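Commentary on secondary and tertiary structure
One letter stands for each residue in the lines below.
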Amino acid sequence: MAVFYYLLKRAASLFLVLVGLAILIFVIARIVPGDPARIALGPLASAEQVAQMREQMGLDLPFHTQLWNYLVGLTHGDFGKSLLTSRPVSADIMQALPATLELVLFTIVIQIVLSIPLGVLAAIYRDTWVDNVSRIISLIGVVTPGFVLAIILQLMASYVFTFFPVTGRLDGGLDFSADVTGLLLIDSVLAGRPDVFGDAFMHLILPATALAAAGIGQVMRITRSSMIELSGRDFVEASRAYGVPERVVTFKYMLRLACVAPLTILGLEFASLIGNAFIVEFVFSWPGIASYGVRTILQKDLNAVIGVVLVSGLFFVIANLVIDILLGILDPRHRLREGASK
């Protein structure tokens, strides 16, 4: 029961954060210089046409009325109409989000599979050539910008590893529509299309690698530091003294606690990549929500900009809640410490 109240309290506080974000981004969008109606119609539109467009967009209403109407619309999933596509913003987001979500999920899988094992190996073989190589890999991943790595990978795929596709999500010759989840890998399995699965998987490798590099370096360093710090704890020394096998001490006792910090980083990395993947998406012509967001910003499409920011904020909220739950499972003291601090 205590866990239920804890999760309820966390969900309520995160909901208030999301409402505050909605109000804040709405206010910022309204005070930014420029008339959205004029931008939508172009410089040749007459004053009467601009006034009519402002009325259609609700910009002629008092500010507090605009804000209230917008918040009420959000409760129904209504983000307004996009000036860029002349479609409901919610429809545009639902069309673009699965591509970014699939890319980010694949990126997180790569980071988990590579960074945590490499960080553990670096800690086990501390100050050896294994540790030195892992440090070099970590440093390269952290200091190399994602768009630079994306361009390098694209050039390598064009001239050396030509079996890797360099643009899009799927080969244009394949007739397939992801109608169930919007994720090509999952929908292709559900539809029994291994050809689509293989092609979608190959399209994911390069952009996901470009996005994963920085996170791999960060999580590797944190995992290594956590493992080294835990190796000197009393319970670890006691386990070894009682004759517990080293692999059990390392992978059952130490790794569980050492994963607390990397898990936090991976959760926040997932949320941030939803909105920060736009450069890699542009390089690989990936039709995701990040690249859609950049186009709407350039066109000052306020409704679409607010919608993209709120969706990104929603993923931050969800990621924080999931991280709290997982940290409570891995380390129950986390929940107790947070409750005591309040």
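Up top is the structure.
Now for a look at the structure at hand. (Residues numbered from 1 in each chain as written. Predicted model: local features only at pLDDT ≥ 70, side-chain atom pairs only at ≥ 80, totals over all residues. Heavy atoms only, no water.)

Next up on the list: the overall build of the chain. A count of helices and strands for the chain gives 16 helices and zero strands. By its C-alpha atoms, the chain is 85 × 55 × 40 Å across when sized along the principal axes. The burial tally for the chain puts 42% of its 342 residues in the buried class. For the chain, the share of sequence-separated contacts (at least 6 apart) that also reach a separation of at least 24 residues comes to 71%. Looking at the chain as shown, the accessible area adds up to about 18300 Å², and 68% of this sits on carbon and sulfur atoms. Side-chain charges in the chain split into 24 positive and 25 negative, and the spacing between the mean points of these groups amounts to 9 Å. (Helix = DSSP H or I, 4+ residues; strand = E, 2+ residues; numbered from the N terminus. Buried < 20%, exposed > 50% of the residue type's maximum accessible area, 1.4 Å probe, protein only. Contact = heavy atoms within 4.5 Å. Areas by Shrake-Rupley, 256 points an atom, 1.4 Å probe, with all protein chains shown as cover. Lys, Arg positive; Asp, Glu negative; His and termini not counted. Charge placed at Lys NZ, Arg CZ, Asp CG, Glu CD.)

With that settled, the discussion passes to the environment of Ala12. Take Ala12: it is sitting in helix 1 (residues 2–31). Here Ala12 falls in the partly exposed class, since its relative accessible area comes to 40%. In sequence terms Ala12 and Val322 are 310 residues apart; their C-alpha atoms lie 14 Å from each other.

Before going further, it helps to examine the packing of helix 5 (residues 89–124) against helix 14 (residues 289–298). For the pair helix 5 and helix 14, the least separation of the axes is 7 Å and the interaxial angle reads 135°. One finds that helix 5 runs oblique with respect to helix 14. Two secondary-structure elements touch here, helix 5 through Val89, Asp92, Ile93, Ala96, Leu97 and Thr100 and helix 14 through Ile289, Ala290 and Tyr292. Per-class residue counts for the contact of helix 5 with helix 14 are seven nonpolar, one polar and one charged. (Axes fitted to C-alpha atoms, helices over the stretch in contact; angles between N-to-C directions. Parallel < 35°, antiparallel > 145°, perpendicular 65-115°, else oblique. Nonpolar A, V, L, I, M, F, W, Y, C, P; charged D, E, K, R; others polar.)

Quick look at the environment of Tyr159 now. Mapped onto the fold, Tyr159 is located in helix 7 (residues 146–159). Relative accessible area serves as the criterion here: at 68%, Tyr159 is assigned to the exposed category. With 89 residues separating them along the chain, Tyr159 and Val248 place their C-alpha atoms 46 Å apart.

Moving on, we get to the packing of aromatic side chains. Enumeration according to the criterion identifies six aromatic pairs in this entry. With centroids separated by 5.4 Å and ring planes inclined at 85°, the aromatic side chains of Phe106 and Phe201 adopt a geometry described as edge-to-face. Within this pair, whereas Phe106 is found in helix 5, its partner Phe201 is found in helix 9 (residues 194–231), the two being separated by 95 residues in sequence. With relative accessibility at 14%, the residue Phe106 sits in the buried group. Plain terms: the ring middles of Phe161 and Phe163 are 6.1 Å apart, the flat faces sit at 70° to each other, and that makes the pair edge-to-face. Ring-pair connections join several aromatic residues into one group, and the members of that group are Phe26, Phe63 and Tyr70. (Phe/Tyr/Trp six-rings, centres within 6.5 Å; stacked < 30°, edge-to-face > 60°.)

All told, the structure shown has six salt bridges when counted by the stated rule. A salt bridge links Glu102 to Arg169; the shortest N-O distance between them is 2.6 Å. Of this pair, Glu102 sits in helix 5 while Arg169 sits in the loop between helix 7 and helix 8 (184–190); the two residues are 67 residues apart in sequence, bridging distant segments of the chain. By relative accessible area, Glu102 is classed as buried at 6%. Within this structure, Asp127, Asp131, Arg135 and Arg224 form a network of salt bridges that share partners. (Salt bridge = Lys/Arg side-chain N within 4 Å of Asp/Glu carboxyl O.)

On to the nonpolar core, then. With 58 residues, the main nonpolar core has Ile93, Ile289, Tyr292, Ile306, Leu310 and Phe315 as its most contacted residues. Tallying contributions element by element places helix 9 first for this core, with 12 residues. Excluding residues that lie within four positions of it along the chain, Leu310 makes contacts with Leu18, Leu21, Ala22, Ile25, Tyr70, Leu74 and Phe79. Residues Ile116, Val120, Ala123 and Leu255 belong to the second largest nonpolar core, which totals 14 residues. (Core = buried A, V, L, I, M, F, W, Y, C linked by side-chain atoms within 4.5 Å.)

Along its 15 residues, helix 6 (residues 129–143) runs 21 Å from first to last C-alpha, staying within 8% of the 21 Å computed at 1.5 Å per residue. Of the surrounding secondary structure, the elements contacted by the buried residues of helix 6 are helix 5 and helix 9. (Expected span 1.5 Å × (residues − 1).)

For the rest of this paragraph, the subject is a nonpolar patch on the surface. There is a patch of nonpolar side chains on the surface, built from Phe147, Ile151, Ile152, Leu155, Met156, Tyr159, Val160, Phe161, Phe163 and Ile279 and spanning about 980 Å² of accessible area. Of the residues forming the nonpolar patch, the biggest block, six residues, is contributed by helix 7. Considering the arrangement of structural elements, one finds Met156 in helix 7. Met156 gets classed as partly exposed once you look at its relative accessible area, which sits at 35%. (Patch = residues over 30% accessible without salt bridge, like charges linked within 9 Å, V, L, I, M, F, W, Y side chains within 5 Å.)

These values are about where atoms sit, not about what they do.
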